[in-house]
Structures are given as structure tokens and as C-alpha cells.
Amino acid sequence: MTSVFDGMAGVMNAAFGAPVLYQPVEGEPSTVQASLREGPIEVAGGDGHPILIMNPTLQVPKTVLPNIARGDRVSSVANPSDVYFVINRLPNGSPASDAMIVCELEAFRE
């Protein structure tokens with residue numbers, strides 16, 4: 001079934017995203033358009049109630065990174081020295097075919 005929200009994640013990503021370096025655990029690195037945020041964000045939990053996430057997050061349409069998973073690395077093209085690991089891929093209740101994936105990140109520490 002086609003949703004009225006199909007295509008909106010792509011529009012939001014184009015407007016608010018920036019180039020991000022993506023390195024999966026296995027595979028080749030790539031540069032994608034996504035929103036990498038360090039401040040807290042609010043997302044809907046499994047029961048529909050809001051959850052505040054204090055860790056850095058990555059928001060990207062699932063059509064861009066459908067297989068993003070725990071352990072993958074991301075960094076901003078503008079600041080490649082700040083590297084983050086995906087620690088959690090949060091569920092999204094959107095029916096849109098290109099719904100946003102929200103990933104909780106953890107800063108890489110040497």
C-alpha cells in the first residue's frame with residue numbers, strides 16, 4: 001500500500017542532511033547523505049511514548065542504508081576525526097517505504 005509519507009524522508013534528508021562517511025563492519029566504505037547529530041533527540045518508543053536519546057544519533061532513509069547494523073562506523077565528512085560506532089538501530093513505526101532509520105551511536109575512543 002502506498003503511503004502519503006512516501007518520499008518525505010528523502011526530502012527531509014536532502015534539506016537537513018550532510019555528507020557522512022559510512023564504513024560497514026564488512027564491505028566497502030561510502031559517502032551518504034544523512035543527519036549526524038550530537039545533541040539529544042526524542043523518538044517514539046515501542047509503546048508509542050516518547051524516549052529521549054542523549055547519545056549521538058544518525059538519521060538516514062532506509063533506502064540509503066537499509067543494512068546499517070551494530071558495529072558499523074560513521075563520521076562527518078566535515079570532521080572525519082570524530083568517529084562513531086552504531087550501537088543500536090531504533091524501530092520506526094512509519095509506514096513509508098523510505099522511512100527514516102534512527103541509529104544510536106557511541107563515540108570511538110582510542
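Bringing the sheet that holds strand E8 (residues 100–107) into the picture now. Strand order in the closed barrel formed by six strands is E1-E2-E5-E8-E7-E6, and the pairing between neighbours is antiparallel. Each neighbouring strand pair of the sheet contributes to a mean axis angle of 45 degrees, computed without reference to strand direction. Sheet topology note: the strand E7 (residues 83–90)/E8 ladder contains six bridges and is antiparallel. Residue pairing in the sheet places Asn-88 in a bridge with Glu-104 of E8.

With that settled, the discussion passes to the pairing of E7. Strand direction decides the pairing type here: strand E6 (residues 73–76) and E7, joined by three bridges, are antiparallel. Paired with Val-74 across the bridge in E7 is Tyr-84. With antiparallel pairing between neighbouring strands as the criterion, E6 and E7 make up a hairpin whose turn holds six residues.

Structurally, Asp-72 is set in the loop between strand E5 (57–61) and E6. The buried charged residue Asp-72 lacks any salt bridge partner; its closest oppositely charged side chain belongs to Arg-89, at an N-O distance of 7.8 Å. Only 2.9 Å separates the side chain of Asp-72 from the backbone nitrogen of Ala-69, close enough to count as a polar contact. Discounting chain neighbours no more than four positions away, the residues touching Asp-72 are Tyr-22, Gln-23, Pro-24, Val-25, Asn-67, Tyr-84, Phe-85 and Val-86.

This part takes up the environment of Tyr-22. With respect to the element layout, Tyr-22 can be found in strand E1 (residues 18–23). The buried category is assigned to Tyr-22, whose relative accessible area is 7%. As for Tyr-22 and Ser-75, which are separated by 53 residues in sequence, their C-alpha atoms are 6.9 Å apart. Each residue touching Tyr-22, except ones within four places of it in the same chain, is listed here: Glu-28, Pro-29, Ser-30, Val-32, Leu-65, Asn-67, Ile-68, Asp-72, Arg-73 and Val-74. A polar atom in the side chain of Tyr-22 sits 2.6 Å from the side chain of Asp-72.

By the element assignment, Ser-75 lies in strand E6. In contact with Ser-75, other than residues within four places in its own chain, are Val-20, Leu-21, Leu-36, Pro-80, Asp-82 and Val-83.

Bridge count between E1 and strand E2 (residues 30–37): five bridges; the pairing is antiparallel. Directly across from Leu-21, in E2, lies its bridge partner Thr-31. In this structure, the hairpin formed by E1 and E2 is closed by a connection of six residues, where Gly-27 is found at a positive phi of approximately 125 degrees. Here three bridges tie E2 to E5, and the two strands are oriented antiparallel to one another. Along E5, the bridge assignment pairs Ser-35 with Gln-59.

Reading the values: rules and limits
- Residues numbered from 1 in each chain as written.
- Predicted model: local features only at pLDDT ≥ 70, side-chain atom pairs only at ≥ 80, totals over all residues.
- Heavy atoms only, no water.
- Pairing = 2+ DSSP bridges.
- Helix = DSSP H or I, 4+ residues; strand = E, 2+ residues; numbered from the N terminus.
- Axes fitted to C-alpha atoms, helices over the stretch in contact; angles between N-to-C directions.
- Buried < 20%, exposed > 50% of the residue type's maximum accessible area, 1.4 Å probe, protein only.
- Lys, Arg positive; Asp, Glu negative; His and termini not counted.
- Salt bridge = Lys/Arg side-chain N within 4 Å of Asp/Glu carboxyl O.
- Polar contact = N/O pair within 3.5 Å; in protein donor to acceptor, adjacent residues only side chain to side chain.
- Contact = heavy atoms within 4.5 Å.

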